[in-house]
Amino acid sequence: MNCRSKEAASVPFCNGNFAMTRRLFRILAALGLAAGLSGFALPAHAEKRVALVIGNNDYRNVPKLLKAVNDARTMGDTLKQLGFSVMVAENQNRQQFSETLLAFDKAIEPGDTAFFFYAGHGFEIAGQNYLLPTDVPAATEGQEELVRDASILADRIVERLQNKKARTSILVFDACRNNPFERKGTRAVAGGGGLAPMVQLPEGVFSVFSAGPRQTALDRLSNDDTNPNSVFTRTFAKELLQPGENLVQVAQRTRRAVSEMADTVKHRQVPVYFDQMVDDVFLSGMAKDAAARPADPPPQKLAALPPVSVPQLPKEESLNAPIASFSRHNGGWSVVFSFADPTLGISWRMAGKGDFRETGFIDTLDPRTRKRMPNPSIELPADAQAGTIEVRYVDQSGDMQGPFPIRFDPEAALIRDQRKILDMTATSWLSFREFNGLLVYYTHLVSYRCAIREVRIGIDSVVPNQVLKMPPCDMRDPSAITAGMPLYMKLAPATQSVSVELTYRDGSVSEIKSFRSANRSNN
């Protein structure tokens with residue numbers, strides 16, 4: 001049984017004949033968004049429900065799908081019944097996919113509930129999930145970069161919702177779980193047999209996958225199955241409308257029903273979900289037990305009484321354990337220790353290696369102790385290996401405290417330090433120069449490239465829609481710029497602006513920054 005039918009689908013695009021606000025229409029018209037809007041009227045108050053559903057059938061270079069567009073439409077209708085303002089987008093190429101996500105960003109305000117649904121081809125590479133636009137190129141072994149560059153990273157969608165400060169983010173992936181790049185006589189792109197689990201979600205995010213790892217998601221149960229939707233979507237949409245069920249219960253009931261249906265055709269498909277919600281979330285009515293619970297009686301009126309002082313439990317005395325910050329420079333590492341309380345002396349060593357060494361003192365008096373302040377920093381060589389730094393200190397009473405272990409991981413420390421610098425110097429990511437034409441320099445990004453997984457830029461576009469290649473990171477000399485490294489691009493003289501979006505090594509995504517060439521002002 002195939003994951004999704006490979007027959008060509010003849011489902012038309014959405015007509016876009018739905019009501020929507022004037023402001024959003026202007027945004028979408030400017031972007032040229034090829035999407036249908038389903039009742040996308042935005043309420044003026046915060047904490048609204050906003051949804052984006054995407055269905056991709058008409059793939060050009062990988063097998064076409066039959067039901068993904070229908071799945072998106074069904075989910076759009078379902079979410080409208082649940083009070084969501086819904087955007088439905090169909091058969092999105094890479095450019096359109098990016099523009100759709102940007103429009104979705106603009107519709108979300110702090111405190112909102114955001115719902116993202118995707119039906120189409122999905123693919124996992126090295127533990128990262130990618131959603132495939134309709135123009136994703138065919139690829140063979142060793143061409144994973146082609147797929148990465150042409151696709152949408154699922155983690156980026158999570159990050160964008162976090163940047164918009166959505167209170168609740170729900171992501172549902174009814175993605176084809178086989179390898180769409182398999183071809184007879186060729187070795188396929190190296191990827192898993194399913195999407196990778198999203199187990200490290202931030203708080204407030206709930207995700208559902210139509211099948212478990214290394215499982216395929218059925219479009220239909222048999223050739224006689226005339227249901228217009230996939231096995232997962234037809235079930236999940238129905239469960240969402242059941243009143244009094246929270247998201248976990250909806251996911252569990254969907255998992256049970258889909259698994260039982262798949263078993264009837266000797267197929268293994270067990271949907272999975274990942275829950276990082278603090279509270280229960282109900283999309284259709286309140287909890288059943290809450291609905292049955294009688295209302296609380298009105299409070300009794302009492303005569304005024306003097307305030308009662310509530311005894312406070314004594315706070316447990318906190319230990320003055322140090323923390324450390326690491327900074328990489330040409331000569332090696334600088335490590336700065338921070339203490340909550342004053343110290344009279346600091347010493348350190350690499351765990352288990354030799355005696356403790358004093359850090360010495362600096363020519364500054366600590367106003368709390370009226371004594372010279374201990375030097376809070378040490379230096380490590382550039383080739384220092386990962387290990388544990390043991391730190392101890394003399395407190396104000398003259399007693400030795402510690403040692404306290406501090407983990408040193410050179411690669412993680414470098415990435416964290418460079419990420420911090422990039423965040424603080426965002427206005428310096430790009431610069432323009434006129435020399436035999438218009439040049440845009442990205443030297444700053446190259447200098448801190450070890451913290452960057454991917455750079456996307458958009459030339460005269462608010463959507464960064466092309467990948468800017470970065471030189472590889474050299475951990476031995478991470479900020480070195482050697483001869484032959486590309487540091488600039490030549491632009492058309494009429495270019496007005498360049499937008500930039502960074503994907504950091506930890507998978508998080510920066511805000512989109514726009515750099516203007518005409519007046520050299522950035523924002």
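Residues numbered from 1 in each chain as written. Predicted model: local features only at pLDDT ≥ 70, side-chain atom pairs only at ≥ 80, totals over all residues. Heavy atoms only, no water.

Undergrad: Is there a simple way to think about the overall build of the protein in this case?
TA: Per the secondary structure count, the protein includes ten helices and 25 strands. In the protein, which comprises 523 residues, the proportion classed as buried is 48%. Pairs at least 24 apart in sequence give 70% of the contacts found in the protein among residues at least 6 apart. As displayed, the protein offers around 26,300 Å² of accessible surface, 51% of which is attributable to carbon and sulfur atoms. (Helix = DSSP H or I, 4+ residues; strand = E, 2+ residues; numbered from the N terminus. Buried < 20%, exposed > 50% of the residue type's maximum accessible area, 1.4 Å probe, protein only. Contact = heavy atoms within 4.5 Å. Areas by Shrake-Rupley, 256 points an atom, 1.4 Å probe, with all protein chains shown as cover.)

Undergrad: I tried to follow helix α3 (residues 94-107) on my own but got confused; where do I start?
TA: Structurally, the α-helix is built with 3.6 residues per turn, so residues lying three or four positions apart point the same way. Taking 1.5 Å of rise per residue, the 14 residues of α3 would be expected to cover 20 Å, and the 20 Å separating its terminal C-alpha atoms lies within 8% of that figure. The buried fraction of α3 is high, at twelve of 14 residues. Along α3, the residues that are buried comprise R94, Q96, F97, S98, E99, T100, L101, L102, A103, F104, D105 and A107. (Expected span 1.5 Å × (residues − 1).)

Undergrad: In this structure, what is going on with the state of the cysteines? I would like to understand it.
TA: Any covalent bond linking the sulfur atoms of two cysteines counts as a disulfide. Going through the model one piece at a time under the given rule, you end up with one disulfide. Here C450 engages in a disulfide with C473; their sulfurs sit 1.9 Å apart. Where C450 bonds to C473 through sulfur, the torsion about that S-S bond is close to 90 degrees, and the disulfide is right-handed. Of this pair, C450 sits in the loop between α10 (443-447) and β21 (452-459) while C473 sits in the loop between β22 (466-468) and β23 (488-491), and the two are 23 residues apart along the sequence. (Disulfide = S-S within 2.5 Å.)

Undergrad: So what exactly am I meant to see when it comes to the sheet that holds β21 here?
TA: The pairing of strands in a sheet happens through backbone hydrogen bonds and is either parallel or antiparallel. Spatial strand order, β22-β21-β24-β25: four strands in an open sheet with antiparallel pairing. Each edge of the open sheet carries a strand with a single partner, namely β22 and β25 (513-516). Ignoring strand direction, the axes of neighbouring strands in this sheet form an average angle of 35 degrees. Bridge count for β21 against β22 is three bridges, and the pairing is antiparallel. The partner of I457 across the bridge, within β22, is Q466. (Pairing = 2+ DSSP bridges. Axes fitted to C-alpha atoms, helices over the stretch in contact; angles between N-to-C directions.)

Undergrad: How do you make sense of the environment of V467 when you look at a structure like this?
TA: Position of V467 relative to the elements: it lies in strand β22. Through-space distance from the C-alpha of V467 to that of R456 is 4.5 Å; in sequence the pair is eleven residues apart. In contact with V467, other than residues within four places in its own chain, are D149, E454, V455 and R456.

Undergrad: For this particular structure, what's the right way to read the environment of V147?
TA: Here V147 is to be found in helix α4 (residues 144-150). For V147, a relative accessible area of 0% translates into the label buried. It is 8.9 Å that separates the C-alpha atoms of V147 and I125, two residues lying 22 residues apart in sequence.

Undergrad: Teacher, can you tell me more about the packing of aromatic side chains here?
TA: How two aromatic rings sit relative to each other is set out by the distance from centre to centre and by the angle between their planes. Per the counting criterion, the structure on display carries twelve aromatic pairs. Taking the centre distance of 5.1 Å and the plane angle of 40 degrees together, the rings of Y441 and Y488 count as tilted. Of this pair, Y441 sits in strand β20 (residues 438-441) while Y488 sits in strand β23; the two residues are 47 residues apart in sequence, bridging distant segments of the chain. On the accessibility criterion, Y488 (44% relative accessible area) is partly exposed. Put simply, the rings of F116, F173, F209 and F274 pair up and form one aromatic cluster. Between R419 and the ring centre of Y504, over which it is positioned, the NZ or CZ distance is 3.8 Å. Looking at R433, its charged tip hangs above the ring of F435, at a distance of 5.1 Å from the centre. (Phe/Tyr/Trp six-rings, centres within 6.5 Å; stacked < 30°, edge-to-face > 60°. Lys NZ or Arg CZ within 6 Å of the ring centre and 35° of its normal.)

Undergrad: When you look at the nonpolar core in this model, what are you seeing that I'm missing?
TA: For soluble globular proteins, the rule of thumb is that nonpolar side chains tend to be buried together. With 70 residues, the main nonpolar core has L79, F115 and F116 as its most contacted residues. Per-element tally for this core: the top contributor is strand β4 (residues 113-125), with eight residues. Aside from chain neighbours lying at most four places away, what touches L79 is A51, V53, F84, V86, F115 and L240. (Core = buried A, V, L, I, M, F, W, Y, C linked by side-chain atoms within 4.5 Å.)

Undergrad: In this structure, what is going on with the pattern of salt bridges? I would like to understand it.
TA: Opposite charge on two side chains permits them to pair, given that their charged atoms come into close proximity. Here the structure, examined in full by the defined rule, presents 18 salt bridges. The partner of R419 in a salt bridge is D423, and the shortest N-O contact between them spans 2.9 Å. In this pair, R419 and D423 are both assigned in helix α9 (residues 410-424), four residues apart and thus about one turn of the helix distant. Residue D474 pairs with R476 through a salt bridge whose shortest N-O separation is 3.2 Å. By relative accessible area, D474 is classed as partly exposed at 29%. Residue classification places R476 among the exposed positions, given a relative accessible area of 69%. Salt bridges sharing common partners tie together R156, E454, R456 and E501. (Salt bridge = Lys/Arg side-chain N within 4 Å of Asp/Glu carboxyl O.)

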